[in-house]
Amino acid sequence: MPLLDALPPTLIVQRVLNRHAEINRMVATGYPVSEIARRLSLDRKTVRHYRDTDLDMLLASARDRRSVPLDCLKPFLQSEFARGNTSQWHGTVRATA
């Protein structure tokens, strides 16, 4: 199964797909890296990275993001939200964070 089929359609996955397609289309058309970077408002290193890296590797990188401080609260927040409690626990989160 290709990696693309296994990933949920998140915003970051969609951004990676769009950037990869656009950069590789421009490379195939003959645009230099500097021009691609200028037109897409990206750093030249980012353009080279998308040009030189396989799409599956880019998608794997997009999926494996570093944790953030609130990750430890995610199960609690999800359970509270599932119960319909969306505004009562602000003080609880602040106390545990």
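The text that follows walks through the structure, step by step, so that each part is easy to find.

Calculation rules
- Residues numbered from 1 in each chain as written.
- Predicted model: local features only at pLDDT ≥ 70, side-chain atom pairs only at ≥ 80, totals over all residues.
- Heavy atoms only, no water.
- Helix = DSSP H or I, 4+ residues; strand = E, 2+ residues; numbered from the N terminus.
- Buried < 20%, exposed > 50% of the residue type's maximum accessible area, 1.4 Å probe, protein only.
- Polar contact = N/O pair within 3.5 Å; in protein donor to acceptor, adjacent residues only side chain to side chain.
- Contact = heavy atoms within 4.5 Å.
- Expected span 1.5 Å × (residues − 1).
- Core = buried A, V, L, I, M, F, W, Y, C linked by side-chain atoms within 4.5 Å.
- Axes fitted to C-alpha atoms, helices over the stretch in contact; angles between N-to-C directions.
- Parallel < 35°, antiparallel > 145°, perpendicular 65-115°, else oblique.
- Salt bridge = Lys/Arg side-chain N within 4 Å of Asp/Glu carboxyl O.

### What about the side chain of threonine 53?
No. 1: Within the element layout of this structure, threonine 53 appears in the loop between α4 (44-52) and α5 (55-63).
No. 2: According to the relative accessible area criterion, threonine 53 is buried, its value standing at 19%.
No. 3: One polar contact links the side chain of threonine 53 to the main-chain carbonyl oxygen of histidine 49, over a distance of 2.7 Å.
No. 4: Those residues in contact with threonine 53, other than ones at most four positions away along the chain, are His20 and Leu58.

### So, helix α2 (residues 11-29)
Think of an α-helix as 3.6 residues a turn; residues three or four steps apart then line up on the same face.
No. 1: Over its 19 residues, α2 extends 27 Å from the first C-alpha to the last, a length consistent with the 27 Å expected when each residue adds 1.5 Å.
No. 2: Residues of α2 that are buried include every one of Val13, Val16, Leu17, His20, Ile23 and Met26, and no others.
No. 3: Glycine 30 occupies a position one or two residues after α2 and carries a positive phi of about 110 degrees.

### Quick look at the nonpolar core
No. 1: Ranked by internal contacts, the top residues of the largest apolar core, which has 14 residues, are Val16, Ile23, Ile36, Val47, Tyr50 and Leu59.
No. 2: The set of elements that each furnish at least two residues to this core consists of α2, α3 (33-40), α4 and α5.
No. 3: Tallying contributions element by element places α2 first for this core, with five residues.
No. 4: Contact partners of isoleucine 23, with chain neighbours within four places excluded, come to Ile36, Leu40, Leu42, Val47, Tyr50 and Arg51.

### Side note on the packing of α2 against α4
No. 1: At their nearest, the axes of α2 and α4 sit 9 Å apart, and the two run at 90 degrees to each other. Judged by the inter-axis angle, α2 sits roughly perpendicular to α4. Residue-level contacts link Val16, Arg19, His20, Ile23, Asn24 and Val27 of α2 to Thr46, Val47, Tyr50 and Arg51 of α4.

### So, the pattern of salt bridges
No. 1: Across all of its chains, the model carries four salt bridges by this definition.
No. 2: A salt bridge links arginine 25 to glutamate 22, with the shortest nitrogen-to-oxygen separation between them at 2.7 Å. Taken as a pair, arginine 25 and glutamate 22 lie in helix α2 at a separation of three residues, close to a single helical turn.
No. 3: Glutamate 22 sits in the partly exposed class, given a relative accessible area of 28%.
No. 4: Close ionic contact of glutamate 35 with arginine 38 constitutes a salt bridge, the shortest N to O distance being 3.0 Å. Taken as a pair, glutamate 35 and arginine 38 lie in helix α3 at a separation of three residues, close to a single helical turn.
No. 5: Relative accessible area serves as the criterion here: at 56%, arginine 38 is assigned to the exposed category.
No. 6: Among the charged side chains, a salt-bridge network with shared partners connects Glu35, Arg38 and Arg39.

These values are about where atoms sit, not about what they do.
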